[in-house]
Every structure is written in structure tokens, then in C-alpha cells.
Amino acid sequence: MNDRSLYSDAQRYDLAIGGYASRDQLNFYRRQVTRYGEPVLELACGSGRLTIPLTNENVNIRGMDISEDMLHLAKLKAAKNGVNIRFLRGDIRNFDLGEKFIFIFIPAQSLSHLHTRAEIEDCFACVRRHLADEGRFLIELFNPSVTMLARKSGRRYPVGQYNDSTDGTQVYVTEEVNYDTASQVNHIQWFFRNEGSHDEVVLSLKMRQFFPQEMDALLWYNDFLIEHKYGNYDEEEFSSDVPKQLIICWAK
């Protein structure tokens, strides 16, 4: 089996996750851009799942990611859509773009790839330096499910399936998880198996879990004030039984 990062195989990532954001997610981000303004910076933009459709709607947006493979696919997709986007390779813990933005966001749980307080503080410091006066910063995270985190390690759980574009067979995606309670990091492996084959491709990721009060405190002590905290893309107020933490804040 071949074990490597999920983000080193952008094509497979897009097939499993979906090449573009869902309608609900896109509409949510479109509303925030309309509400707060441009220019916009998307951190951890990946394969352009949000960057490209927002650009298609004439949003002035930059996209930054650390993965060369994801950015390569993003550029190919942008060209196919006939849009010109400035995609930048950079680390959200340490970047200097020489400009400021009215709206900066980190979508799709991407902040969870930062596992230590020092990494998070470095990221937040970079965001503050790039945020224009009266600008807004949005973070999208899961509202951690204790039930999901307590799943047994060594057991396979279904993720989904998709059609292999090369031969039309179904590709089945399952996962194994191992949540470390001390570090709050979920160690995840995704297994990709084509229908009728016993061979598997294994891609891994590690996701830090941020509990609601913890994230609120991290923002406060890094000089951000929360303006809104939603629980889903419909902007329902955050509560215990919602799937998301969608936090909009501004720098003190």
C-alpha cells in the first residue's frame, strides 16, 4: 500500500470531495463577500473549489496554498473555466504578500492542519498584518462530535464513492481514525479501492480538533473580537447541535 498525504494527490482529492464547493457553501461565502467587501484572500485554497466559482462571479480574490499539487490543479481548473486568478504558494503560518485585504478566510477546516498553539498564533499574526482597517477574518471549522472522535481505531468506516474517469468503475473510499485526546489531533487514513480490485491507495491527514470555547479563547488572546458565530451555511446561530463553527471576527 502507498501511504502519503491526501493533499499530495489533488486529482483524487477532488474526485472524493467534489471539484467545487457545494451550492450552500458557495452562497454563504458569496454573502460574506457582499457584506464585507473586497479584495479577498483565501488561505489554504486547495484546488480552487471556492476561489474559482467566486472569481466567476467577479469577486476580486487571491488564493494561497502550501501544496504544489493542489495549486497545479487549481490553475488547470481556472484555465478551463476561462478565469485568471493569482494563485500563490505559501504557508499560512508565515507569509508576507505586501498588501492588505478587506476579507480573509480559511475555509473547510483547513486551520485544523495547524496542531500547536505556536502555529496558530503565527497564522493569526500573519492574518492581522494583512487585514485592512475594518476588515473581517472568517474561520470555518467543524463543531467537534464526541461520538465521531470516540470511534474505534483499526475499524473501517465508509466515506463515499465515485466513478473512476479512466475505466468507469466505482471507487470506494473508507477511513480509519485514531484520535489522540492529549494533542486533540485526529489521525486519519483514507483507503481508495477500485471495484473488483483488492489493491488500495492510502492517503493520510491529521486534523486538530478545536472545541468551541477553546477557539473563542484563542481568538480573544490573539487580539480578535468575534462579531458572528454561525453553526451552518444558512447562518443559524451557533449552538450545541450544529455541525459547523463559522466564526467572523475583526482585529482589536
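Shown above is the structure to which this text applies.
Keep in mind it's a predicted model, so treat the numbers as computed, not measured. (Residues numbered from 1 in each chain as written. Predicted model: local features only at pLDDT ≥ 70, side-chain atom pairs only at ≥ 80, totals over all residues. Heavy atoms only, no water.)

S.K.: What exactly am I supposed to notice about the overall build of the protein chain here?
M.R.: A tally of helices and strands in the protein chain yields seven helices and twelve strands. In terms of overall size, the protein chain behaves like a compact globule, its C-alpha atoms giving a radius of gyration of 18 Å where 252 residues would be expected to give roughly 18 Å. Reported as C-alpha extents along the three principal axes, the dimensions of the protein chain are approximately 55 × 45 × 30 Å. The long-range fraction of contacts in the protein chain, counting pairs at least 24 apart against all pairs at least 6 apart in sequence, stands at 64%. Roughly 12500 Å² of accessible area belongs to the protein chain as shown, and the carbon and sulfur atoms make up 47% of that amount. Here the protein chain contributes 29 positive and 36 negative side-chain charges, whose respective centroids are spaced 1 Å apart. (Helix = DSSP H or I, 4+ residues; strand = E, 2+ residues; numbered from the N terminus. Rg over C-alpha atoms; globule rule 2.2 N^0.38 Å. Contact = heavy atoms within 4.5 Å. Areas by Shrake-Rupley, 256 points an atom, 1.4 Å probe, with all protein chains shown as cover. Lys, Arg positive; Asp, Glu negative; His and termini not counted. Charge placed at Lys NZ, Arg CZ, Asp CG, Glu CD.)

S.K.: Honestly, a negative patch on the surface in this entry has me stumped. Any pointers?
M.R.: A surface patch of like charges, here negative, comprises Asp24, Asp234, Glu236, Glu237 and Asp241. Tracing the sequence through the fold places Glu236 in the loop between β11 (224-230) and β12 (244-251). Residue classification places Glu236 among the partly exposed residues on the basis of a relative accessible area of 41%. (Patch = residues over 30% accessible without salt bridge, like charges linked within 9 Å, V, L, I, M, F, W, Y side chains within 5 Å. Salt bridge = Lys/Arg side-chain N within 4 Å of Asp/Glu carboxyl O. Buried < 20%, exposed > 50% of the residue type's maximum accessible area, 1.4 Å probe, protein only.)

S.K.: Would you explain the nonpolar core in this entry?
M.R.: The biggest cluster of nonpolar side chains holds 28 residues, and the ones touching the most others in it are Leu43, Leu111, Phe124, Phe137 and Met215. Residue assignment for this core shows that the elements contributing at least two residues are β2 (40-43), β5 (101-106), α5 (117-130), β6 (131-142), α7 (212-221) and β12. Considering every element that reaches this core, the biggest residue donor is α5, with five residues. Apart from the residues within four sequence positions on either side, Leu111 is in contact with Ile106, Cys123, Phe124, Ile139, Leu141, Phe210 and Met215. Counting 18 residues, the second-largest nonpolar core is a separate cluster that includes Tyr36, Val59, Tyr233 and Leu246. (Core = buried A, V, L, I, M, F, W, Y, C linked by side-chain atoms within 4.5 Å.)

S.K.: What is the right way to read the layout of surface pockets from this model?
M.R.: Using a probe with the size of a water molecule, rolled over the atoms, empty space left in the structure can be pinpointed. Its volume calculated, the second largest pocket comes out at about 170 Å³. Around the second largest pocket sit 14 residues that line it, and Arg12, Leu15, Tyr162, Asp164 and Val171 are the ones nearest its centre. Where the lining of the second largest pocket is concerned, the elements lending two or more residues are α1 (10-17) and β9 (185-194). (1 Å grid on protein atoms, 1.4 Å probe; cavity = no way out; pocket = protein on both sides within 12 Å on 5 of 7 lines; lining within 4 Å. Points joined across faces, edges and corners; volume = space filled by probe spheres on them.)

S.K.: Quick question: what am I supposed to make of the environment of Asp164 here?
M.R.: Relative to the helices and strands, Asp164 resides in the loop between β7 (157-163) and β8 (170-180). With relative accessibility at 16%, the residue Asp164 sits in the buried group. In the structure, Asp164 is positioned 35 residues away from Arg129 in sequence and 43 Å away in space, judged by C-alpha atoms. Other than its neighbours up to four places away in sequence, Asp164 contacts Thr169, Val171 and Asn194. Of note is the side chain of Asp164, whose polar atom sits 2.9 Å from the side chain of Asn194. (Polar contact = N/O pair within 3.5 Å; in protein donor to acceptor, adjacent residues only side chain to side chain.)

S.K.: How do you make sense of α5 when you look at a structure like this?
M.R.: Two residues of an α-helix separated by three or four positions point the same way, owing to the 3.6 residues in each turn. Its 14 residues place the ends of α5 20 Å apart at the C-alpha level, agreeing with the 20 Å of an ideal helix rising 1.5 Å per residue. Along α5, the positions that sit buried rather than exposed are Glu119, Ile120, Cys123, Phe124, Ala125, Cys126, Val127 and His130. Contact partners of the buried residues in α5: β2, β5, β6, β10 (201-208), α7 and β11. (Expected span 1.5 Å × (residues − 1).)

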